[in-house]
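Observations on the model geometry
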Protein chains: 2
Amino acid sequence: MAGGSGTRFWPASRRLRPKQLLSLVSESTLLSATVDRILPLVPAERIWVVTTEATAGATRNLLPTLGADHILGEPEGRDTAACVGWAADVLLASDPEAVTVVLPADHVITDPEGFRSALAAGAAWVAAEGGLLTFGVRPSRPETGFGYLRIGSRSGATDGHDVHVLDRFVEKPDADTARGYVANGRFLWNSGMFAWRAADLRAEIERQLPILAAGLDRIAAAHGRADRQRVLADVYPTLQRISVDFGVMEGASRCWTMPVEFGWSDVGSWPAVADVLPAGDGGTVTRGRVVALDTSGCILIGNGPAVAAVEVRDLVVVATHDAVLVVPVEHAQRVKEVVSILKDRGWDDLL
Amino acid sequence: MAGGSGTRFWPASRRLRPKQLLSLVSESTLLSATVDRILPLVPAERIWVVTTEATAGATRNLLPTLGADHILGEPEGRDTAACVGWAADVLLASDPEAVTVVLPADHVITDPEGFRSALAAGAAWVAAEGGLLTFGVRPSRPETGFGYLRIGSRSGATDGHDVHVLDRFVEKPDADTARGYVANGRFLWNSGMFAWRAADLRAEIERQLPILAAGLDRIAAAHGRADRQRVLADVYPTLQRISVDFGVMEGASRCWTMPVEFGWSDVGSWPAVADVLPAGDGGTVTRGRVVALDTSGCILIGNGPAVAAVEVRDLVVVATHDAVLVVPVEHAQRVKEVVSILKDRGWDDLL
């Protein structure tokens, strides 16, 4: 899943260069790193990417080892239920038995071997047992920015990985509630990573979201036909807009979760990027050509221009060839307001 | 006088684009604005510019109405005594009676009519009386960044402008001393603007700085000869390095000062630039494409890239296509250390 509108990482991210196409934490883009991370487990010919039509060309260029027809371009983002349903239909057209792992393209994982081990185990579980499985990350802090999963009774284990019944999805908590979740031990972060047989996912959509299923059926019926792109362009933007978590997983008849710990981060903001990068003097994190003179706690990113910062604390500075952002770490989420102001002013070249 | 090494306005200023070639406060460069300011008083054919050889080409391009031979390129900066001595010799070659006003090319003046009136009066005074005259700016605050002039007895007036004997030059004071100077009323800011007959200046150099005079004589002797550029290149870098203030003015046999008030600023730092620009919300000053969201007291300059600043106070942000500076207003002078670090790292493209 390589969607996303690219506002949280402005000015590095843009409409046509969303987060997964950025090299935020290494020389690789997050998308390339995601593909590289699963290649030891899944060969390129069995990897598909769903992205927006606008970025499909850039995505194909970035991933030449994947067939061009393995990059699926959504005419318009319609949330994750439509995305995974469409992908399931594409896979089922060539393999009715397809077992699928669904991964966001813009996360960071510091223990790729542990990650692959969990993925293989999750896939083996759903291949044998059916149902829908979500990978839940053991929380390392009382994070209020994520949804949580409450785990139910243990159902078994595969290759040393426990599998539990998924009790329920929990919305983003406040700080006190989050502390309670961490202390309780039965709550996991909802990572947005899943495993299922494509047919099982498709059947749950049919059962719970019949209107979405009918739209997907119209698209699938055009598979291999000359007018398939026109049908996609006509129908996809009308698909029901709902997340797979609340639209499909929560009401699924068999739903599992596998607790995992493999150094996962959703790197959802500049401060989250800094958390996974090594810090220098004063805890300042730098990327690119940077002079940091008596700074502390800063995130200084010279993504094109060099950045020189003197005597500043806890500041995010991101410079690209055409725009610069300066914001305190604690207010980094206000970058969305900046993007909205740019839109209002008609500075479209900066979006 | 259009010399200067261009470190205080990094990253806008560079070795080959020093302060006088920047458009810091209007659409014009400071140098063009300086020339435009005196044109109603002095026709282009009687204006000369002394700059460094490295920036002579850019200076000629900027000032096409001046003859190319009116842009004098110093092979190397040797301080102001050599600069004004050389210029005097150039003028004397065509006009032994030349009356000269010497102006820095990188200052801002908000009352250009008052400025021209004072300049005309100063030139008239030295044309009639001889001696060396310096324009002294009535201090509006206890500035510790300037040298001061102590005025002596009143010698007379011309066109409504008083002229005093110059008592002495005073080095940059500490804050208490500066407050005393302002209260005293007999101290003026040393603006670095002068008037004299070229022959008088040259005679004072001869009398007080005979070694400098001998070097200037060697250069002047080559005037009109085929080898004049070679002589200049050989001799100029060996000239005695001393300021006209302490090397010539202080010991001159007749030395005047004219107190002036015409909205003068030497705009010697980013905060000084902000002082002469209109401020917006929260006292933040902006240039270029800037989004300032809940900022106060900032100086935000998008000199190429756009700048977006959120929730920051009293911060200087200057962005050019290849470098960005972020520094608190109160530490703006530390930009010199940044330039020195760039030099140490060999990032010569940023100098």
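Let me sum up the structure you'll find in this document. Bear in mind the structure is a predicted one, so any value in this text is a computation, not a measurement.

**Brief notes about the packing of aromatic side chains**
Inspection of the entire model under this criterion finds 22 aromatic pairs over all chains. Aromatic side chains W189(B) and W264(B) sit 6.1 Å apart centroid to centroid with 50° between the ring planes, which places their arrangement in the tilted category. Of this pair, W189(B) sits in strand β8 (residues 187–197) while W264(B) sits in strand β10 (residues 264–265); the two residues are 75 residues apart in sequence, bridging distant segments of the chain. Across the pair, exposure class does not vary: W189(B) and W264(B) are buried alike. Through successive ring pairs, a cluster of aromatic residues spans F146(A), W189(A) and W264(A). The lysine or arginine in question, R345(A), covers the ring of W347(A), its NZ or CZ lying 4.9 Å from the ring centre.

**Observations regarding the pairing of strand β15 (residues 315–319) of chain A**
Residues and elements named next belong to chain A. The element β15 is largely enclosed, with a buried count of 5 among its 5 residues. Burial along β15 is two-sided: L315, V317 and A319 facing one way and V316 and V318 facing the other are all buried. Of the strand pairs in this sheet, strand β13 (residues 299–302) and β15 are connected by 4 bridges, and their pairing is parallel. Paired with L300 across the strands is V317, a residue of β15. Both β15 and strand β16 (residues 323–328) contribute to a ladder of 5 bridges, which runs antiparallel. Paired with V317 across the bridge in β16 is V326. The antiparallel pairing of β15 with β16 creates a hairpin that spans 3 residues between the two strands.

**Details of the relation of the copies chain B and chain A**
Superposing chain B onto chain A requires a rotation of 179° together with a translation of 0.0 Å along the rotation axis, leaving an RMSD of 0.1 Å. Taken together, the rotation and translation describe the operation of a two-fold axis. No C-alpha of chain B lies nearer the rotation axis than that of H321(B), which sits 2.9 Å from it. A share of 100% of the interface residues of chain B reappears at the interface of chain A, consistent with the copies meeting face to face through the same patch.

**Digging into the interface of chain B and chain A**
In this assembly, 36 residues from chain B lie in contact with 36 residues from chain A. Roughly 2900 Å² is buried in total at the junction of chain B and chain A, and carbon and sulfur atoms are behind 65% of that figure. For the pair chain B and chain A, the interface holds 6 salt bridges. A salt bridge links R334(A) to D294(B); the nearest nitrogen and oxygen atoms lie 2.9 Å apart. Between the two partners, chain B and chain A, sit 18 residue pairs in polar contact (both at pLDDT 80 or more). Mapped onto the side of chain B that touches chain A, the elements with two or more residues apiece are β12 (290–293), β14 (306–310), β15 (315–319), β16 (323–328) and α11 (335–345) of chain B.

**Some details on the state of the cysteines**
Residues and elements named next belong to chain A. Throughout the structure, instances matching the rule amount to 0 disulfides over all chains. A disulfide-free cysteine, C83 has its sulfur positioned 18 Å from the sulfur of C255, the nearest such atom. Judged by relative accessible area, C83 falls into the buried class, the value being 7%.

Criteria and cut-off values
Residues numbered from 1 in each chain as written. Chains lettered and ligands numbered in written order. Predicted model: local features only at pLDDT ≥ 70, side-chain atom pairs only at ≥ 80, totals over all residues. Heavy atoms only, no water. Phe/Tyr/Trp six-rings, centres within 6.5 Å; stacked < 30°, edge-to-face > 60°. Helix = DSSP H or I, 4+ residues; strand = E, 2+ residues; numbered from the N terminus. Buried < 20%, exposed > 50% of the residue type's maximum accessible area, 1.4 Å probe, protein only. Lys NZ or Arg CZ within 6 Å of the ring centre and 35° of its normal. Pairing = 2+ DSSP bridges. Least-squares fit on C-alpha atoms with pLDDT ≥ 70 in both. Contact = heavy atoms within 4.5 Å. Buried area = accessible area lost by both parts, 1.4 Å probe. Salt bridge = Lys/Arg side-chain N within 4 Å of Asp/Glu carboxyl O. Polar contact = N/O pair within 3.5 Å; in protein donor to acceptor, adjacent residues only side chain to side chain. Disulfide = S-S within 2.5 Å.

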